[in-house]
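Observations on chain architecture
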Amino acid sequence: MKSWLLFLLIAGLVPMKAEARKKPVGPKITIVYPREGQEIPPVSRSFVLGSVIPRARLYVNGQRVRVQPNGAFVSMIPYNSGDFEITCTAVRKRGRSTAKRKVHVGEVLKTTAKDSLLIEARDCKPADTVEVLPGDLLDLSCKGTPGCKAVVRLDSLKQTVTLVEVPGEVGGIYRAGYFIQPKDSLKQTPATFTLTDSSGKSVSAKAPGQVFVLDPRRVRVAETVEDNVKLRYAPNGVFQTTMPPGIRFQVTGRVGEEYKAKLSGSQSVWLLSRQIKMLPQGTPVPKGKIASVLVKEEERWVRCVMPGIFGLPYQTEHLPEASLLRLTLYGARVDTYAIRQPPDTSVVRRLSWRQKEADICEIEAQLAPGQLWGYDAAYNDSGLVFSLRKPPRISEKGSPFRGITICLDPGHSADPGAIGCLGTLEKDVNWQIAQRLLALLREAGAKVVLTRTKDEDVPLYERPKRAFALGADLFLGIHNNAVPDGTDPSKARGFGVYYYTSQSESLARCIHQAYRKFVRVPDDGVIQQNLAVCRPSQYPAVLMESAYIINPREEALLRTSRFQQRCAKAMFEGLKSFLLSQREHGSLR
Ligand SMILES: [Zn+2]
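The paragraphs below set out a description of the structure included in this document. Everything numeric here is computed off the predicted structure, so don't read it as measured data.

**Considerations on the environment of K397**
Examined against the element boundaries, K397 turns out to sit in the loop between β32 (383–389) and β33 (405–410). When the C-alpha positions of K397 and R583 are compared, they lie 9.4 Å apart, and in sequence the two are 186 residues distant.

**Considering the nonpolar core**
Formed by 88 residues in total, the largest nonpolar core has its most connected members in I406, I511, V542 and M571. Of all the elements, helix α6 (residues 561–585) adds the most residues to this core, at nine residues. Here M571 is in contact with L437, L476, I511 and M544, once residues within four sequence places are set aside. Membership of the second largest hydrophobic core comes to 30 residues, among which are V229, L263, I363 and L384.

**A few points about the sheet that holds β32**
Reading across the sheet, the four strands line up as β24-β25-β32-β31 and stay open at both edges, with antiparallel pairing between neighbours. Two strands lie at the open edges of the sheet, namely β24 (294–297) and β31 (374–379), each paired on one side alone. Within the sheet, the average angular offset between the axes of one strand and its neighbour, ignoring direction, is 20 degrees. Two elements, β31 and β32, share six bridges in a ladder whose sense is antiparallel. Bridged to D376 within β32 is S387.

**Section: the sheet that holds strand β2 (residues 39–40)**
Spatially, five strands are ordered β2-β8-β7-β4-β5 in an open sheet, and the strand pairing comes out mixed. Looking at which strands have only one partner, the edges of the open sheet turn out to be β2 and β5 (63–65). Pairing geometry for strand β7 (residues 82–92) and strand β8 (residues 95–105), over 11 bridges, is antiparallel. Bridging from a neighbouring strand, F84 pairs with V103 of β8.

**Concerning helix α4 (residues 505–518)**
The end-to-end C-alpha separation of α4 is 20 Å, in line with the 20 Å expected for 14 residues at 1.5 Å each. Regarding α4, the residues found buried are L507, A508, C510, I511, H512, A514 and Y515. Those residues of α4 that are buried lie in contact with β35 (474–481), β36 (495–499), β37 (523–528), β38 (541–548) and α6.

**Considering the pairing of strand β20 (residues 258–262)**
The buried fraction of β20 is high, at four of five residues. Once strand β19 (residues 248–255) ends, the chain turns through two residues before running back antiparallel as β20, passing G256 with a positive phi of about 60 degrees. Two elements, β20 and strand β21 (residues 268–272), share five bridges in a ladder whose sense is antiparallel. Each bridged residue has a counterpart across the sheet, and for A261 the counterpart in β21 is V269. Between β20 and the antiparallel strand that follows it, β21, lie five residues.

Quick notes on the rules
Residues numbered from 1 in each chain as written. Predicted model: local features only at pLDDT ≥ 70, side-chain atom pairs only at ≥ 80, totals over all residues. Helix = DSSP H or I, 4+ residues; strand = E, 2+ residues; numbered from the N terminus. Core = buried A, V, L, I, M, F, W, Y, C linked by C-beta atoms within 7 Å. Buried ≥ 20, exposed ≤ 12 C-beta atoms within 10 Å, placed from the backbone. Contact = placed C-beta atoms within 7 Å. Pairing = 2+ DSSP bridges. Axes fitted to C-alpha atoms, helices over the stretch in contact; angles between N-to-C directions. Expected span 1.5 Å × (residues − 1).

Structure follows, in structure tokens:
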């Protein structure tokens, strides 16, 4: 048995050894980014990240790439749209190896050839189903051969509109606007474009989408069915406010998967169709009357209750220069002359209302001087509650952390976040920094709560909810940075401090100052950004990007306990100086 085994071993080893002498094994290449089969947005250049044995010569699509002493590499290479192959070749001594990646790169918009006569129908608008009411402006556009005459026919509306070629980097884009008329047919209509060149030859094509003119006599009302429903200012555009479930809107239009919802006579927003449900025909347009505002003082909150108000959309806004907190309520009318004032000692000095438009009411809270800690607006069983948070009591002497609840949010978990060239996972580094900070904070007497345990998968939107439920006085998101496709990671460097609500700005600046002192990577600045974990207004919230994990130099730093400790120390000192400034100057009480 033994001799058989020995024979097999020798028989197996000998040829292998001989082959190895003939053809040396090449260095192992690990491509970290992009992943196999990844969809890359339309960019002309982007990055490939990975690692190889140090001192190997590396080529990415034939281009020589510098390999860091630890084996990390970053390569910016030109991309072509469509299916695209990345080939990495590494050579060390006489060994050579290759690794490949197949990705798909989005189409970059290019000018149609001037000597052609064609319309690129898939780039014509309407691209999706569009619903409009009489009086709405319909956007029409087509892309094709530049320098032509362009018209569009809306068949069932019996309208022909002339389009104008718009100046820009990409030629041959023609646009027109058409106001839907009350007499326009309610049938669906395609948009047929025709381009005519200088010799009189023409070509026609239909846009992918259809136009529906809605019956203005039929009122449609929808209700939000999810949390965090974004109210966008344009289809797929930016937003400031999110709504809870149970909020009702009058629906007045649609573009593809987004519905247009009327807030007031002068304002509309766009909502995702999957986040709302249409209510039965005949459901009245949501309206409410504010007959009273009741002020209740609680241990940590001042509550302003508007009884009997339900389901109306609202927005909150903090105007720090005016020391004002404003709640704008849509579809509401004030129906009282009296408003009872909070006591002198409150964080709210004065409450007032304003009927801004027939269907927009503003409730304004004049704030006492000092830092606003947090606020909230939500519906409960009695009506709409506009709440202002009293600051936590900061101990007069000794550690300012005593009795303060600090919520740490180590970013990512099931999703690993950004990945460095050496395969360092952002979620692990975030966790390690959070653990170091947790130790410093606990030692200083703070109560520290975390949004996740080590490997627990907690969805992004769940994290602020957990923080609030755990009684967070302050929130700190712990992340490390990356760049999107098309940007060079080797040029992205340093720490960035992110906040969104105005009451978080001073905390962001304190942490930024501490990073400048303790962390020796470039300063990427203080950035106000609408991030999911910075958006909540119930407490000051900051998100820290300590370094760029996709930059090889900074990835190497992030792997060391010394650098992680310095980041934790900077966050600790930043939080401390914020609390000390609150103790000195006094915050709203
Ligand atoms: Zn992250």
